[in-house]
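Here is how the chains run, residue by residue.
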Amino acid sequence: MRTTGSVTEVRELIAEARRAGSRVGVVPTMGALHRGHTSLIEAAVAGCDLVVVTLFVNGPQFNDPDDFLRYPRRLQDDLDTCRGKGVDVVFAPDEQTIYPPGGQTTVDVGHLGTLFEGQHRPGHFQGVATVVVKMLNITTPDTAFFGQKDFQQQLVIRQLCQDLHLPIDIVTCPTIRDDDGLALSSRNVLLAPEQRVIATSLSRVLRHAREQWQNGFNDLPALRQQLREQLESTPGLELDYATIVDANTLEETTADSDPLVALVAASVGNIRLIDNLLLNATSETA
Ligand code: PAF
């Protein structure tokens, strides 16, 4: 495995692989790798000849400076994980490399980026879109892998690839959960044991909503209200939003459109968590 923080070097490694006819896959991450990330890496290793993992904690996508400071950073562990999973190249640039002084251009994702996470975390998707375009331009992959856990993010990235004519297949991999249902997230390690118990209510109410939907309770406004009320009445949980939307547009449809996704976001203490479940699917698969 080669590890570099240099744009020139990572480009050379990828160009060399391309000359040999390799299909290139990239897994963009902010490090603190867990089983959610390794499932993306496994999908990349299975489908591509050269797998690049990017490790970069991207300041501009954190609307809360404390969240940025608290974000776990474990470079050595991450490199060991990548090595163990058969990653070929790790691109771990520093701040100056990705944001050289004097840089001015950002990527504005439009309407999709203003909903839900965009509304509660102003500037978040501009930060995500800008760094993802940078990473995709640096690594020029055939395929890029993202998790369904960040449902809105993967839609925003699909949209920006379409809008900016980036010829990259976006693969969305299923959310990975712990046995108690909690969707894996790098922030989970920051939860105290009693906070973790509260956090599991997110996946519980999502599963309940899906069960009801699949059992024929198709009154969407009532189902949305139920989802919201269940989370609002959970002690220790501060709800940002809970809703059911069209999974392609994120609009609160009243029609029985397919596919539908239930989206939730809430804080437990100062840890913000998001989760989602496709109502029409029986597994996590997007
Ligand atoms: O999902 C993440 O970890 C980040 O938002 C991403 C896509 C790596 C951009 O910084």
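Residue positions are given per chain, counting from 1 as you read along its sequence in written order. Per-residue local features of the predicted model are confined to residues with pLDDT of at least 70, and side-chain atom pairs are confined, for both listing and counting, to 80 or more; whole-chain, interface and lining totals are unaffected and use all residues. Note that water and hydrogens are dropped before the side-chain values are worked out from all heavy atoms of the structure.

Before going further, it helps to examine the overall build of the protein chain. Helix numbering and strand numbering both begin at the N terminus, where a helix is a DSSP run of H or I of at least 4 residues and a strand a DSSP run of E of at least 2. Helix and strand counts for the protein chain come out as 11 helices and 9 strands. For a compact globule of 286 residues, the expected C-alpha radius of gyration is about 19 Å, and the protein chain comes in at 19 Å, within 12% of that figure. Each principal axis of the C-alpha atoms in the protein chain carries an extent, and together these give about 55 × 40 × 40 Å. Whether a residue is buried, partly exposed or exposed follows from its accessible area with a 1.4 Å probe, protein chains only, as a fraction of its type maximum: under 20%, in between, or over 50%, in that order. Each of the 286 residues in the protein chain was classed as buried or not, and the buried ones make up 53%. It only takes one pair of heavy atoms within 4.5 Å for two residues to be counted as in contact. Counting only contacts in the protein chain whose residues sit at least 6 apart along the sequence, the fraction spanning at least 24 positions is 70%. It is over C-alpha atoms that the radius of gyration is taken, and the globule rule equals 2.2 Å times the number of residues to the power 0.38.

Once that is clear, we can look at the pairing of strand 5 (residues 143-147). With 4 of 5 residues buried, strand 5 lies mostly within the body of the structure. Only strands joined by at least two bridges in the DSSP assignment are considered to pair. Direction of pairing for strand 2 (residues 24-29) relative to strand 5: parallel, over a ladder of 2 bridges. Within strand 5, the position partnered with glycine 25 by the bridge is threonine 143. Here strand 5 pairs with strand 6 (residues 169-173) via 5 bridges, running parallel. Of the residues in strand 6, the one forming a bridge with alanine 144 is isoleucine 170. Where the polypeptide runs from strand 5 across helix 8 (residues 151-163) and back to strand 6, its parallel neighbour, the crossover connection is right-handed. Consider the strands pointing away from the viewer: the crossover is right-handed when the path from the first strand over the helix to the second runs clockwise.

Moving on, we get to the sheet that holds strand 5. The strands making up a sheet associate through backbone hydrogen bonding, with each pair oriented either parallel or antiparallel. With parallel pairing, 6 strands are arranged side by side in an open sheet as 1-4-3-2-5-6. Strands with a single pairing partner mark the edges of an open sheet, and in this sheet they are strand 1 (2-4) and strand 6. Neighbour to neighbour, the strand axes of the sheet diverge by 25 degrees on average, direction disregarded. Convention adopted: a line fitted to C-alpha atoms gives each axis, helices being fitted over their contacting stretch, and angles between N-to-C directions are expressed from 0 to 180 degrees. The strands that helix 2 (residues 35-47) touches are strand 2, strand 3 (50-55), strand 5 and strand 6; relative to strand 5, the one it contacts most, it runs at about 155 degrees.

The end-to-end C-alpha separation of helix 7 (residues 124-139) is 22 Å, in line with the 22 Å expected for 16 residues at 1.5 Å each. Burial analysis of helix 7 places 13 of its 16 residues in the buried class, which makes it a mostly covered element. Here the expected span of a helix is defined as 1.5 Å times the quantity of residues minus one.

Here threonine 140, not a glycine, exhibits a phi torsion of approximately 35 degrees, which is positive. When its relative accessible area of 39% is taken as the criterion, threonine 140 is described as partly exposed. Positive phi, normally seen in glycine, also occurs at leucine 250, with a value near 65 degrees. Mapped onto the fold, leucine 250 is located in the loop between strand 7 (237-246) and strand 8 (260-268). With relative accessibility at 1%, the residue leucine 250 sits in the buried group.

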